[in-house]
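One-letter residues, chain by chain:
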Amino acid sequence: MKEMLMYINNQWKESTSGKFIDVMDPADQSVYGKIPQGSKEDVDKAVEAARKAFESEEWKKVKPHERGYLLNKIAHRIREEKESLAMMETQDVGKPLTQAKADVEAAARYFEFYGGVADKILGETIPIEDGILDFTVREPVGVTAHIVPWNYPIQIISRSVAAAIATGNTAVVKSAEDTPATAYRLAQFFDETDLLPGVFNLVTGYGKEAGASLAGHPDINHVTFTGSVPTGISVMKAAAENVVPVTLELGGKSPNIVFADCDQEKAIQGVVKAIIQNAGQTCSAGSRLLIDRTVKDEFLEKVTNAFQELQVGPGKDDVDIGPILSKSQFEKIIAYLKLADKDGEILTGGRQLDIGGYDRGYYIAPTIIDGLDHNHPAAQEEIFGPVLTVFEFEGEDEALRLANDTEYGLVTGVWTENIGKAHRIADRIRSGQVFINNYGAGGGIQMPFGGFKKSGFGREKGLEALKNYTTVKNVAIKYR
Ligand code: NAD
């Protein structure tokens, strides 16, 4: 049994209540570890430590490039342990090893990217009038809170914590109760450095208890929340009570728009990969296929064949699709499949799979659903499983209308060889990222990521994320 602890003020802690939460391996739902059930008292201590560190002269004296070194040290440790970190992520989340390795690589790159940025956070000089020098400084916001979902733990912690520390903030992370292992290992990496106490803190526990206490804490200065829309709304309300800004990275129902003039082989690969990654348990999963009516039958037949060749099994066997995280996530997916079966046509999949030796794990055959009305819940809501819903269109206008016709707006894929068409779609689509003839661009550490509409607001990744963690001060000096 692996016992993981919280990290507060450079000390390893159990929760004040002494209670623990079991952690399961989705491959067979066996309990392999436990984490402290952090409470409000624990969050208070973590925020107090982060505040003390932020206000300290010692932290102010750490030069920007020294913060960069620190982040690069973490990147270095991630790379040194990339194999075991990937195994950990696979055991926690269930995802196939190759995908876990890509997540670990992305995590290292976030620390390197923001480590490199730490001493390049510049202000401006602004012309006012003769005799006045006006300039801006970008200052850290203070104590930053990071509330993380279960599906991409190491990547999501790394992307926001690296940006926050690079810009001179201190951080309190609330890891996901289902998938805490790589967060714990990252805390150990921080502990190996000569980091000042309180700069990085890790609290574990349930969302309604530890998460809510952190989001509503009066002494934090920013919340980065990544998770579902309903929780995002609660977090935003809690932060609003203290007039604390939030960055919300929420869900999606992202379309791949496939035009008749596309390179079909590339489009098929892109469409399949976009939905099966992490068994479809991905915010930016390409969960809707919008296909040009004139090539629908031919294209769909090829996608169906590709789906039927996919291997499903435990992530450690490095299959294409791993297990679903938990019983509750599985039951949610099955409910959508039943509804879709009643109201549409399941072309392939649509059922649970028994995987020999992993009877207690929840595995779902990759599924394609056709014939639904676009208002159907399976077309509008996040299913969070390996389930692709298909809709046909005629012409760019209808493609756009369908693509924009959900409450979400995270990512869009466009497949066409016509550059003008690709630009017209990119111009009118309501989503934070648009990929033309690719989907995901290999993770895109440098590119801003975030949502339109209920997919959230604010941007993570790239230089854009620095805006979350800095605030602008204007100084005007009259010298004549
Ligand atoms: P979730 O909203 O249930 O939980 C996310 C985190 O919030 C967890 O750490 C949880 O403990 C905590 N939490 C729960 N209730 C809380 C509360 N009242 N106050 C504060 N914190 C609380 O989401 P999940 O099921 O872990 O993750 C899946 C969701 O995350 C999906 O909707 C997915 O699309 C989204 N997601 C978005 C992105 C992105 O970058 N846009 C990335 C990954 C996942």
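Residues numbered from 1 in each chain as written. Predicted model: local features only at pLDDT ≥ 70, side-chain atom pairs only at ≥ 80, totals over all residues. Heavy atoms only, no water.

Caption draft 1: Geometry of the overall build of the protein chain. Along the backbone of the protein chain there are 16 helices and 23 strands. Taken over the C-alpha trace, the protein chain has a radius of gyration of 23 Å; the compact-globule value for 480 residues is 23 Å, and the two agree within 12%. C-alpha extents for the protein chain along the principal axes are approximately 70 × 65 × 40 Å. For the protein chain, with 480 residues in total, the buried portion stands at 57%. Taking the intrachain contacts of the protein chain between residues at least 6 apart in sequence as the baseline, contacts between residues at least 24 apart amount to 74%. If you sum the accessible surface of the protein chain, you get close to 19600 Å²; carbon and sulfur atoms cover 51% of it. One way to put it: in the protein chain the 53 positive side-chain charges average out to a point 4 Å from where the 68 negative ones average out. (Helix = DSSP H or I, 4+ residues; strand = E, 2+ residues; numbered from the N terminus. Rg over C-alpha atoms; globule rule 2.2 N^0.38 Å. Buried < 20%, exposed > 50% of the residue type's maximum accessible area, 1.4 Å probe, protein only. Contact = heavy atoms within 4.5 Å. Areas by Shrake-Rupley, 256 points an atom, 1.4 Å probe, with all protein chains shown as cover. Lys, Arg positive; Asp, Glu negative; His and termini not counted. Charge placed at Lys NZ, Arg CZ, Asp CG, Glu CD.)

Caption draft 2: Highlighting the site of the ligand. Taken together, 29 residues form the shell around the ligand, and within it Val148, Arg159, Glu177, Ser228 and Glu382 come nearest. At 2.7 Å from an oxygen atom of the ligand is found a side-chain nitrogen or oxygen belonging to arginine 159. Take leucine 250: an N or O atom from its main chain is 2.8 Å from a nitrogen atom of the ligand. Protein chains bury 90% of the 840 Å² of accessible surface belonging to the ligand in isolation. Of all the secondary structure elements, the ones that give two or more residues to the shell around the ligand are α6 (153–166), α8 (207–215), β11 (222–226) and α9 (229–241). In terms of residue count, α8 provides more of the shell around the ligand than any other element does, 4 residues in total. In the shell around the ligand, the residues fall into 14 nonpolar, 9 polar and 6 charged. Residues from two domains meet in the shell around the ligand; each of domain 1 (2–250 + 457–476) and domain 2 (255–443) gives at least three. (Near = heavy atom within 4 Å. Polar contact = N/O pair within 3.5 Å; in protein donor to acceptor, adjacent residues only side chain to side chain. Nonpolar A, V, L, I, M, F, W, Y, C, P; charged D, E, K, R; others polar. Domains from an automatic or database assignment.)

Caption draft 3: Quick look at the sheet that holds strand β5 (residues 30–36). Read from one edge to the other, the open sheet built from 3 strands follows the order β1-β5-β4, with strand pairing classed as mixed. Among the strands making up the open sheet, the edge pair consists of β1 (2–3) and β4 (20–25). Both β1 and β5 contribute to a ladder of 2 bridges, which runs parallel. Residue pairing for β5: glutamate 3 is matched across the bridge by lysine 34. Contacts from helix α4 (residues 82–93) reach β1, β4 and β5, with the element oriented near 100° to β4. (Pairing = 2+ DSSP bridges. Axes fitted to C-alpha atoms, helices over the stretch in contact; angles between N-to-C directions.)

Caption draft 4: Representation of the environment of valine 104 in the model. With respect to the element layout, valine 104 can be found in helix α5 (residues 97–117). When the C-alpha positions of valine 104 and isoleucine 154 are compared, they lie 6.7 Å apart, and in sequence the two are 50 residues distant. Residues in contact with valine 104, not counting those within four places in the same chain, are Ile78, Lys82, Leu85, Ala86 and Ile154.

Caption draft 5: Quick look at the sheet that holds strand β13 (residues 255–258). The sheet built from 7 strands is open, its strands ordered β15-β18-β19-β14-β13-β20-β21 with mixed pairing. Two strands bound the open sheet, and with one partner strand each, they are β15 (345–348) and β21 (433–436). For this sheet, the mean angle separating the axes of adjacent strands, direction not counted, is 25°. Across 3 bridges, β15 lies against strand β18 (residues 367–370) in antiparallel orientation. Note on β18: the bridge partner recorded for threonine 348 is isoleucine 368. Each of β13, β20 (411–415) and β21 is contacted by helix α15 (residues 419–428), which is oriented at about 170° to β21, the strand it contacts most.

Caption draft 6: Quick look at the environment of glycine 432. Relative to the helices and strands, glycine 432 resides in the loop between α15 and β21. A sequence separation of 26 residues divides glycine 432 from glycine 458, and the C-alpha atoms of the two residues are 9.9 Å apart. Not counting residues within four places of it along the chain, the set of residues in contact with glycine 432 comprises Gly409, Leu410, Gly450, Phe452 and Arg459.

Caption draft 7: The domain arrangement of the protein chain, seen in detail. Segmenting the protein chain into domains produces domain 1 (2–250 + 457–476) and domain 2 (255–443). On a C-alpha basis, the centres of domain 1 and domain 2 stand 31 Å from each other. The interface is formed by 22 residues belonging to domain 1 together with 28 residues belonging to domain 2. When the two sides are added together, the surface that domain 1 and domain 2 hide from each other amounts to roughly 2000 Å², 53% of it contributed by carbon and sulfur. (Buried area = accessible area lost by both parts, 1.4 Å probe.)

Caption draft 8: Here's a closer look at the pattern of salt bridges. What the rule picks out here adds up to 33 salt bridges. The shortest N-O distance in the salt bridge between lysine 467 and glutamate 464 comes to 2.9 Å. Among the ionic contacts, a cluster of salt bridges with common partners joins Arg293, Lys296, Asp370, Glu392, Glu394, Glu398 and Arg401. (Salt bridge = Lys/Arg side-chain N within 4 Å of Asp/Glu carboxyl O.)

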